[in-house]
Amino acid sequence: MSDVILEMRNITKTFPGVKALDNVSFSVTRGEIHALVGENGAGKSTLMKVLSGIYPYGTYHGEIYFQGEECRFRDITESEKVGLVIIHQELALIPFLSVAENMFLGNERAKNGIIDWNESISKTAELLERVGLHESPNTLITNMGVGKQQLVEIAKALAKEVKLLILDEPTASLNENDSEKLLELLLQFKEHGISSILISHKLSEVNKVADSITILRDGATIETLDCKKDKITEDRIIRGMVGRDMTHRFPPREKNIGEVIFEVRDWNVYHPIHEDRKVSTNVNISVRKGEVVGLSGLMGAGRTELAMSIFGHAYGTRISGTAYRHGNEIDISTIDKAIDNGIAYATEDRKAYGLVLIQEVKNNITLANLEEISSRQVINEPQEMRVTSEYRDRLNIKCSSIQQLALNLSGGNQQKVVLSKWLFASPEILILDEPTRGIDVGAKFEIYTIINRLASEGKGIILISSELPEILGICDRIYVMRDGKIVGEMPASEASQEKVMKYIMTQQEVVEQ
Amino acid sequence: MKTLSTLFKNNVREYGMLIALIVVMAFFQFQTKGVLMKPVNITNLVLQNSYVITMAMGMLLIIITGGIDLSVGSVVAVIGALAGVLIVRYDFNWVLVVAISLLLGAAIGAFHGYFVAYLKIPAFIVTLAGMLIFRGLTIALLRGESVGPFPRGFQNISSGFIPDFFHYDGFHITTMLIGAILSVLLIWLDMRNRKNQQKYGFEVTPFYFFVIKNIAITAAVMGFCYLMASYKGLPNVLVLLFVLITFYAFITTSSVIGRRIYAMGGNEKAARLSGVNTPRLLFYTFVNLGVLASLAGLIVAARLNSSTPNAGDGMELDVIAACFIGGASPMGGVGKVIGALVGAFLIGVLNNGMSIMGVGIDWQKVVKGIVLLLAVLFDVYNKNKNA
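Each value, and the rule that gives it
Residues numbered from 1 in each chain as written. Chains lettered and ligands numbered in written order. Predicted model: local features only at pLDDT ≥ 70, side-chain atom pairs only at ≥ 80, totals over all residues. Helix = DSSP H or I, 4+ residues; strand = E, 2+ residues; numbered from the N terminus. Rg over C-alpha atoms; globule rule 2.2 N^0.38 Å. Buried ≥ 20, exposed ≤ 12 C-beta atoms within 10 Å, placed from the backbone. Contact = placed C-beta atoms within 7 Å. Domains from an automatic or database assignment. Nonpolar A, V, L, I, M, F, W, Y, C, P; charged D, E, K, R; others polar. Core = buried A, V, L, I, M, F, W, Y, C linked by C-beta atoms within 7 Å. Pairing = 2+ DSSP bridges. Axes fitted to C-alpha atoms, helices over the stretch in contact; angles between N-to-C directions. Parallel < 35°, antiparallel > 145°, perpendicular 65-115°, else oblique. Left-handed = near helix turned anticlockwise from the far one by under 90°. pLDDT = per-residue confidence, 0-100. Expected span 1.5 Å × (residues − 1).

Things to note about the overall build of chain A
In terms of helices and strands, chain A carries 18 helices and 24 strands. Taken over C-alpha atoms, the radius of gyration comes to 25 Å for chain A, in line with the 24 Å a tight globule of 513 residues would show. The buried share among the 513 residues of chain A stands at 45%. Here the contacts in chain A between residues at least 6 apart in sequence split such that 68% fall between residues at least 24 apart.

Following this line, the structure appears as structure tokens:
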């Protein structure tokens, strides 16, 4: 039985400043479904990108053996040639092409450059049959639901004669029914000798189909559990995923929490494109003076969407609900009004949404509050320089001068520029979305210190973070979000990683008991 | 010395263009045996380029937002046609017509801006449509023929000169006086700026460089005024241009609106999430260019002393080229008024110099195309070198 189809040995992958994978070993037996689990940022996706050649040979250390032969993939076509197909979380289908056109994209059934449509279409029909999808090969992708698109992706993998199928969070955007179907399909493939690697946050699914489970944490393999020998509980998996040293990573803070300064009630938001999809459902949250409130949940749980919809309806349509500041209803229907009402939102994606990279540090810091440094529409440049120099010193932004371009700063310093911008707008309520993502440990500590200082100055802070230790380390109260709903709320003193993780991961029914 | 080389490195684009302009001018000065720099030709050069420069100020703002406006040539034509019809056929007072034209220009800009900013239709398409619409309307208004001539007052918009208060024969003393005042003003501004920078501990250029720079600028200003004064003095258009250039240089460097336009062009989403009302801002950049294009339309009509169906034909390309030669980026967020100005002059000198030399319109276009390509190539080269 121990016929190993894939073995990855001592894989190490570093990004500038971060070790994403540290000596990871991982192997898959022929004809099994192997689940790969771990927190956000544990290194699952990175490992799969190394495997499929997205990170080409030479950019990582270690060896990969597939069917007994060493592989040195330079790109994704090489890995696909040997039968290794990865299906990403973000589907890679072209929306305005038909199923058949997508099916053989890059792999066209053609003679002398002329596509044989008859063969393409009949082959497509055959493949769709195998994945149990009853659609015409001529249907445009854009006219299909996500569940069906996922099946098309799998059929596409079959067209490439897949031997090992890698699925990155395949059910993240599927409903119950479609998820069920997809998992059935994986079990069927298993019968036909196709192995799968399943990356998933939904532990119930993992438990249902996986033959073995490998747990990654902080870029290292923690353990591999064999599900056939003994029954593995979800708690057992969670314990493997969390449980790390948590001492002295967070600066202490003297707590001085006052009255509620901001509150939203019955907040509902719909997706801007798929208008019948609800991204926030009946959300009620509040923040007190001097309080740091954590918003925990997986990626895609709707935290950023909620935060941006509160920040001047910057996301979503058909937003309903009311917002209160010091008990009075406020209008936050535009970003301008939200800022005027003392709300600030520091984005999770500082490069795309936070900074004007091609401009100077100074211009970025003052952008949200130009009124403060100008009179009658004319910018007072000496004053701007004085103010921005102050922020540079206060937040310890390392730059050659405040006239340096934001582009040339490190991630941690860019984040400090974003924070400076919002501090300069002097808000009362600060929503910080993943403020420590992608920055090193030292800079993280500095950001925590700034958060603490703001709280002790009496501001209310809502912290969105995917890192549980961070949420537990600096928050006073924690909300847990899943599928656009608040599914749990607890004081930090009563919270533990296991407890929060349980709310995050387990299915709805369990929580409501 | 170190600061001098960093200064050059940071402004290699501006200095490069300025040097290119000087080289090109020297070349034509030599090739035309001194005709280029003759007072009468300099006056012509200014008049010929006035509409390109006028529109380049507005086009630059739109290009900084990441957009483009292809319609300006047609707007020049339709405004000229309207002015011609109202003044010549219907005997309207020309001052009133100027006011109507500017308002209509704003309305045309608002028309484009509404589609681009609020309905999110790409600027290229909207203004391409506008280009066709307004050219068509021009021909309809003029019924396919030229309309003219205009009354003296209207003609003076472009062919008049500022009055001389000293009445000294053969030399325009007011012009020299204005030049002197301007020189003093420029030196004072530069000194104040330098002091401010020193106060905040920024590196400044060595003092001797500061002195040399100001002597050079003063010499250029006074030399130019001397040339003008020995002909008929400063043209009205030049005064208008000076006001526009100063105004837009100020807007782009020191105003809240300018800062927001650059932020929007550099990263629209970040600007919006910082509370900038980006659609409204975009809308007003189009309104602004509409007004400037109508102003250019009036200048063109006044200069030709008639409204013609093909006025301003292809002018949008000269305007856009001036901005790109001057270092604006088609991706948005980058561009300077002074760059667009130098770009416009470079094109103007090329047009003028080659015409004097007798180079045909065919080869003129080839040369202009090559210059545009070289200027952008220079940008790309610099960017790659710095990265």
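Examining the domain arrangement of chain A
Residues and elements named next belong to chain A. Taken domain by domain, chain A comprises domain 1 (4-241), domain 2 (253-342 + 427-513) and domain 3 (355-426). Inter-centroid distance (C-alpha atoms) of domain 2 to domain 3 is 26 Å. Each partner contributes to the interface: domain 2 provides 11 residues, whereas domain 3 provides 10 residues.

Quick look at the interface of chain A and chain B
Taken together, the 26 residues of chain A in the interface contact 22 residues of chain B. Elements represented by at least two residues in the side of chain A that touches chain B include exactly α10 (335-340), α11 (350-354), β20 (378-379) and α13 (381-394) of chain A. Tallied by class, the residues present in the side of chain A that touches chain B amount to 17 nonpolar, 7 polar and 2 charged.

A word on the nonpolar core
In this structure, L463 of chain A together with A56, M59, L60 and V76 of chain B are the most contacted members of the largest nonpolar core, which totals 239 residues. If one sorts the elements of this core by residue count, helix α13 (residues 278-304) of chain B sits on top with 16 residues. Those residues in contact with V76 of chain B that sit more than four places away from it in its chain are Y51, A293, A296, G297, V300, A311, G312 and M315 of chain B. Among the nonpolar cores identified, the runner-up in size contains 6 residues, and I178, C225, M228 and L234 of chain B belong to it.

Considerations on the sheet that holds strand β22 (residues 460-464) of chain A
All names here are of chain A. Spatially, 6 strands are ordered β18-β21-β22-β15-β23-β24 in an open sheet, and the strand pairing comes out mixed. Two strands bound the open sheet, and with one partner strand each, they are β18 (343-346) and β24 (485-491). On average, adjacent strands in this sheet sit at an angle of 20° to one another, irrespective of strand direction. Where strand β15 (residues 292-296) lies against strand β23 (residues 477-482), 4 bridges are found, and the strand directions are parallel. Bridging across to β23, S296 finds its partner in V480. Against the sheet, helix α17 (residues 497-505) engages β15, β23 and β24, with an angle of about 25° to β23.

A look at the packing of helix α7 (residues 152-159) of chain B against α13 of chain B
All names here are of chain B. Interaxial distance between α7 and α13 falls to 7 Å at its minimum, and their mutual angle equals 110°. If you check the angle between α7 and α13, you find them roughly perpendicular. Counted together, F154, Q155, I157, S158 and S159 of α7 and L298, I299, A302 and R303 of α13 form the full contact between these two elements. Residues that form the contact of α7 with α13 fall into these classes: 5 nonpolar, 3 polar and 1 charged.

Notes on the packing of helix α8 (residues 173-199) of chain B against helix α9 (residues 207-229) of chain B
Residue and element names in this part refer to chain B. Interhelical geometry of α8 versus α9 gives an angle of 160° and a closest axis separation of 9 Å. On the basis of their axis angle, the class for α8 and α9 is roughly antiparallel. The two elements α8 and α9 meet at a crossing, and its hand is right-handed. Of the residues in α9, those in contact with T175, M176, I178, G179, L182, S183, L186, I187, D190 and R194 of α8 are F210, N214, I217, T218, V221, M222, C225, Y226, M228 and A229. Residues belonging to the contact of α8 with α9 are distributed by class as follows: 13 nonpolar, 5 polar and 2 charged.

Concerning the confidence of the model for chain A
With 95% of its residues at a pLDDT of 70 or more, chain A has an overall mean of 86. Of the regions scoring below 50 in pLDDT, residues 508-513 of chain A engages in 4 contacts with residues more than four places distant in sequence or in other chains.

Looking at the environment of L21 of chain B
Residue and element names in this part refer to chain B. Position of L21 among the secondary structure elements: in helix α2 (residues 12-31). Of the residues examined, L21 has 18 C-beta atoms within 10 Å and is grouped as partly exposed. Each C-alpha atom of the pair L21 and T278 lies 36 Å from the other, and the pair is 257 residues apart in sequence. Aside from chain neighbours lying at most four places away, what touches L21 is V342, F345, L346 and V349.

As for unusual backbone geometry
If a residue is not glycine, its phi is most likely negative; likewise, a peptide bond is most likely trans. The residue after G148 of chain B, namely P149 of chain B, is reached through a cis peptide bond having omega -10°. Unusually for a residue other than glycine, E169 of chain A sits at a positive phi of about 50°. If you trace the backbone, E169 of chain A turns up in the loop between β9 (164-168) and α6 (176-191). On the basis of neighbour count, E169 of chain A is assigned to the buried category, with 21 C-beta atoms found within 10 Å.

Structural notes on the confidence of the model for chain B
All names here are of chain B. Mean pLDDT over chain B stands at 89; residues scoring 70 or higher make up 95%. The least confident element of chain B is helix α1 (residues 2-10), whose mean pLDDT is 63; the most confident is helix α5 (residues 94-118), at 96. Note on the complex model: pTM 0.79, ipTM 0.84.

Considering the sheet that holds β9 of chain A
Residue and element names in this part refer to chain A. The mixed open sheet is built from 6 strands, whose spatial order is β6-β9-β10-β3-β11-β12. Two strands lie at the open edges of the sheet, namely β6 (84-87) and β12 (220-226), each paired on one side alone. Averaged over all neighbouring strand pairs, the angle between strand axes comes to 15°, with direction disregarded. Here β6 runs beside β9; their pairing, made up of 4 bridges, is parallel. For I87, the partnering residue across the bridge sits in β9 and is L167.

Some details on helix α4 (residues 72-89) of chain B
Residues and elements named next belong to chain B. Taking 1.5 Å of rise per residue, 18 residues should cover 26 Å, and α4 covers 25 Å from first to last C-alpha, within 8% of that figure. Most of α4 is tucked away: 15 of the 18 residues are buried. D91 lies just past α4 and shows a positive phi near 60°.

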